[in-house]
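# Report on the structure
Here are the chains, one letter per residue:
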Amino acid sequence: MPTLDIQPNVTLDSSLPPHSATAAANANIALIKYWGKRDENLILPYTSSLSLTLSDLYTQTAVSFEDDLEQDTVTLDGEQLSSAGTTFRRVVGMLDLVREKAGIATKARVVSHNHVPTAAGLASSASGFAALASAASYAAGLRLNSRELSRLARRGSGSASRSIFGGLALWYAGDDDETSYAEQIVAPEDSNLAMIVVTLDERKKPVSSREAMRRTVETSPAYMPWVEQSKRDLAEALEAIRVADIEKLGEIVERNALGMHETMHKAAPPVNYFTDKTYAVLNAVKDMRECGWPVWATMDAGPNVKVLTVGDEVDRVMEELRGRVEGELRGRVEGDAAGVTDAAGDSRNLQYEQTKFTVALPGDGVTIHTSLE
Ligand code: PMV
């Protein structure tokens, strides 16, 4: 498949103070998953992965390097982060990489806003580190191209390497820092795909994806077989995209995600992100498919389900899905009331009223505004 040579969308902005830049990057959802690092420091994955960048779900980050600052400061959604926290340390890790590349020691001010509604239940690390890597590197005077930005964003969070690009992005596992980067393979307007994010639980996950990945790689007998399967899945998915066979693509997407979760279920101790509500949504998706609807499920490190569908049909699909999911959940609650308890024996977890549905269409790559010097 021919790849498209994309340059970042950069605007010189005379209203910005020197040594500063802002960047906006969209979230992405993997169709073929990244799960497992073979180099934790460089964040080199075992497998290549493929994702869809989503519009309107983004992080906007401003970075300025200021001579009079004694420490880096990081403000996230209006709250200044404590220097003892994990997020602060990860942000400073990215700033240090940028300072090293630029040959500077100046401290930075980082102000970031997530426009990924918490209701969507999506991780913000992909959009967050794509925006941070872009803003910080341009503020420091580095003029990185999209591939270099993708490599840099990868060092913050693997999935961020893909959020530099719009549409369908392929992250090549590579062999080293230089060869592990993402690339756009289909522009947003050409994909005719969409996602419906079904949010079941907005709380922070009990086990981070970082920890869950590590545990899976180290202890799960199902991990290496999934790595091999995932390579075949990717090749088949790319072929399905090439011939515009969404049914084939959907089948592969669902089996790749469920396979990833199986590797976690077999880790020691197991990591299980599924809840009863997750099973209810997966059932509704399967039932719809049996009635001819174009819907396939995928999941990340959490209980929420993302449903892949055809871009042109997303509104009608969403209405049908909502009706069916609510029906499933209501049926379970009533079943409980009649004495038929769900697996966890907890009907309060099945309140369908709390379930949220968000339509996400294909979005663009990162945009950067930078000062003039
Ligand atoms: O980029 P991270 O470290 O947050 O890992 C993301 C992993 C998954 O979301 C589960 C899969 C993926 O490819 O995005």
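Parameters at a glance
Residues numbered from 1 in each chain as written. Predicted model: local features only at pLDDT ≥ 70, side-chain atom pairs only at ≥ 80, totals over all residues. Heavy atoms only, no water. Near = heavy atom within 4 Å. Polar contact = N/O pair within 3.5 Å; in protein donor to acceptor, adjacent residues only side chain to side chain. Areas by Shrake-Rupley, 256 points an atom, 1.4 Å probe, with all protein chains shown as cover. Nonpolar A, V, L, I, M, F, W, Y, C, P; charged D, E, K, R; others polar. Pairing = 2+ DSSP bridges. Helix = DSSP H or I, 4+ residues; strand = E, 2+ residues; numbered from the N terminus. Axes fitted to C-alpha atoms, helices over the stretch in contact; angles between N-to-C directions. Contact = heavy atoms within 4.5 Å. Phe/Tyr/Trp six-rings, centres within 6.5 Å; stacked < 30°, edge-to-face > 60°. Buried < 20%, exposed > 50% of the residue type's maximum accessible area, 1.4 Å probe, protein only.

## Re the site of the ligand
Close contacts around the ligand come from 13 residues, with Ala-30, Tyr-34, Ser-157, Ser-159 and Arg-162 the closest. Tyr-34 places a polar main-chain atom, nitrogen or oxygen, 2.9 Å from an oxygen atom of the ligand. Residue Asp-300 places a side-chain N or O atom 3.3 Å away from an oxygen atom belonging to the ligand. The fraction of the free accessible surface of the ligand (390 Å²) that becomes covered by protein chains is 90%. When the residues that make up the shell around the ligand are grouped by side-chain class, the tally is five nonpolar, five polar and three charged.

## Notes on the sheet that holds strand β11 (residues 193-199)
Spatial strand order, β12-β13-β11-β14: four strands in an open sheet with antiparallel pairing. Edge positions in the sheet fall to β12 (296-298) and β14 (356-360), since each of these pairs with one other strand and no more. When strand polarity is set aside, the average angle formed by the axes of neighbouring strands in this sheet is 25 degrees. Of the strands in this sheet, β11, β12 and β13 (305-310) touch helix α7 (residues 246-265), which is tilted by about 35 degrees from β12.

## Describing the packing of aromatic side chains
Overall, the coordinates contain five aromatic pairs when judged by the stated rule. Seen in terms of ring centroids, Tyr-34 and Trp-171 are 4.8 Å apart; in terms of plane orientation they differ by 65 degrees. Their pairing is edge-to-face. Here Trp-171 lies in strand β9 (residues 168-171) and Tyr-34 lies in the loop between β2 (20-32) and β3 (37-39), a separation of 137 residues in the sequence. One exposure class covers both Tyr-34 and Trp-171, and it is buried. Between Tyr-46 and Tyr-223, the aromatic rings sit 5.5 Å apart at their centres with planes inclined by 75 degrees, giving edge-to-face as the arrangement. Within this pair, whereas Tyr-46 is found in the loop between β4 (44-45) and β5 (49-65), its partner Tyr-223 is found in helix α6 (residues 223-242), the two being separated by 177 residues in sequence.

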